[in-house]
Amino acid sequence: MSKRLPPRGDHQPDLFAANFADIPIRDQRDTMERPFFSLAKKPRFAPIEYNVGDVWVEVSANPKFGIATIWDADILIWASTQITEALDRGVPASRVIRFHPHHLLKSIRRPTGGEHYLRLRAALDRLTHTAVRTNIRSEGKKKGASFHWLESWTELTNEKTGDPSGMTLTLPDWLYDGILMKGGVLTIHEDYFLLTGGIERWLYRVARKHAGQQDMGWQFTMRQLHEKSGSASRLSDFAIDVRKVIEADSLPEYTCMLHKNDEGDEVIHFLKRSFLAVSDPRFEGTRFPRRRIARGITSKALRFSEVAE
């Protein structure tokens, strides 16, 4: 359980900014804690069914592509970031996003070789064919929304070389409306993209949503986390993986601590590193929340050609 090294030339030549210090990465908050994605790299075809309290989520696989994974969700995080940044800059936003695949891969901190273009297409297929039903934001337990993570995607290629020259993706209304609504996105650490484990990634998203800026952090029992994760593994195996994450202590911004409550249940305590004692080796200072202010949010967007020079 660790973070992989960033790829060579790691920076963010996306639609708006030159590097990861300039644009806060945004994640749609409704997708961050509940079991919307497979946490395994091995294809998952078994459905995810979650029903706790008044909230239910059902995720179904396409028999050819399987359920979209938490790594595939990087594309949705990228789209959320682009839409929110456009709105912040006063640029019209749309649920249809046009982009070059090279820019997207660089933005989610992936290599850009031919193999990774193939993986990108496979991820887009899984997102397009994963069926989701949920009553989150439906204002009633019996009401629900049904959608796929992407309504569609298209690709243009150079006829002479066969290289990709441009792509489009179209977000579903449920996700797009969630990005636009007040408080609909949370800023996440750019090193999230470097986390290698599925449970590791999911735990960071849970920590970011619940522990947030709270000086006392947030706690869940191991059983609660297992239920929320939608993991196909047994509770005992899931607990082993969570303990490995806690031991590695590799989550950006947050640390995890394990203890037992009065009932003997294992409890995971998420706490932001900046709230630890300065003498604690896990301590990290708070980053300036508007790092891009130095260049100015309304400054002209940088393009990849300008960054590469």
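Our structure is the block above this text.
An account of the accompanying structure is given in this report.

Definitions and cut-offs
- Residues numbered from 1 in each chain as written.
- Predicted model: local features only at pLDDT ≥ 70, side-chain atom pairs only at ≥ 80, totals over all residues.
- Heavy atoms only, no water.
- Buried < 20%, exposed > 50% of the residue type's maximum accessible area, 1.4 Å probe, protein only.
- Helix = DSSP H or I, 4+ residues; strand = E, 2+ residues; numbered from the N terminus.
- Arc of directions from axis to C-beta.
- Contact = heavy atoms within 4.5 Å.
- Axes fitted to C-alpha atoms, helices over the stretch in contact; angles between N-to-C directions.
- Parallel < 35°, antiparallel > 145°, perpendicular 65-115°, else oblique.
- Nonpolar A, V, L, I, M, F, W, Y, C, P; charged D, E, K, R; others polar.
- Pairing = 2+ DSSP bridges.

Okay, helix H6 (residues 222–229) next. For H6, every residue scored as buried is listed here: Met-222, Leu-225, His-226, Lys-228 and Ser-229. For H6, the buried positions fall inside an angular range of 165° around the axis, keeping them on one side. Buried residues belonging to H6 abut strand E2 (48–52), helix H5 (198–210), strand E10 (218–221), helix H7 (235–248), strand E11 (254–260) and strand E12 (266–272).

Orientation of H6 relative to H7, taken along the N-to-C sense of each, is 100°, at an axis distance of 10 Å. It follows that H6 is roughly perpendicular to H7 by the angle criterion. Where H6 approaches H7, its residues Met-222, Arg-223, Leu-225, His-226 and Ser-229 are matched on the opposing element by Leu-235, Phe-238, Ala-239 and Val-242. Each residue belonging to the contact of H6 with H7 can be placed in one class, and the counts come to 6 nonpolar, 2 polar and 1 charged.

This part is about unusual backbone geometry. If you check the backbone angles, Arg-109 has positive phi at about 60° while not being a glycine. On the secondary structure map, Arg-109 appears in the loop between helix H2 (101–107) and helix H3 (114–129). A positive phi angle, close to 50°, is found at Asp-249, a residue other than glycine.

Turning next to the sheet that holds strand E6 (residues 145–148). Ordered in space as E2-E3-E5-E6, the 4 strands form an open sheet in which the pairing is antiparallel. Every interior strand has two partners, whereas the edge strands, E2 and E6, have only one. Ignoring which end each strand starts from, the neighbouring axes of this sheet average 10° apart. Relative to strand E3 (residues 55–60), E2 runs antiparallel, the two being bridged by 5 bridges. From the neighbouring strand, Tyr-50 faces E3, where its bridge partner is Val-57.

The side chains of a regular strand alternate between both faces of the sheet. Direction of pairing for strand E7 (residues 152–157) relative to strand E8 (residues 164–170): antiparallel, over a ladder of 6 bridges. Residue pairing across strands places Glu-155 opposite Met-167, the latter belonging to E8. Linkage of E7 to E8, two consecutive antiparallel strands, is achieved through a turn of 6 residues, within which Gly-162 is found at a positive phi near 80°.

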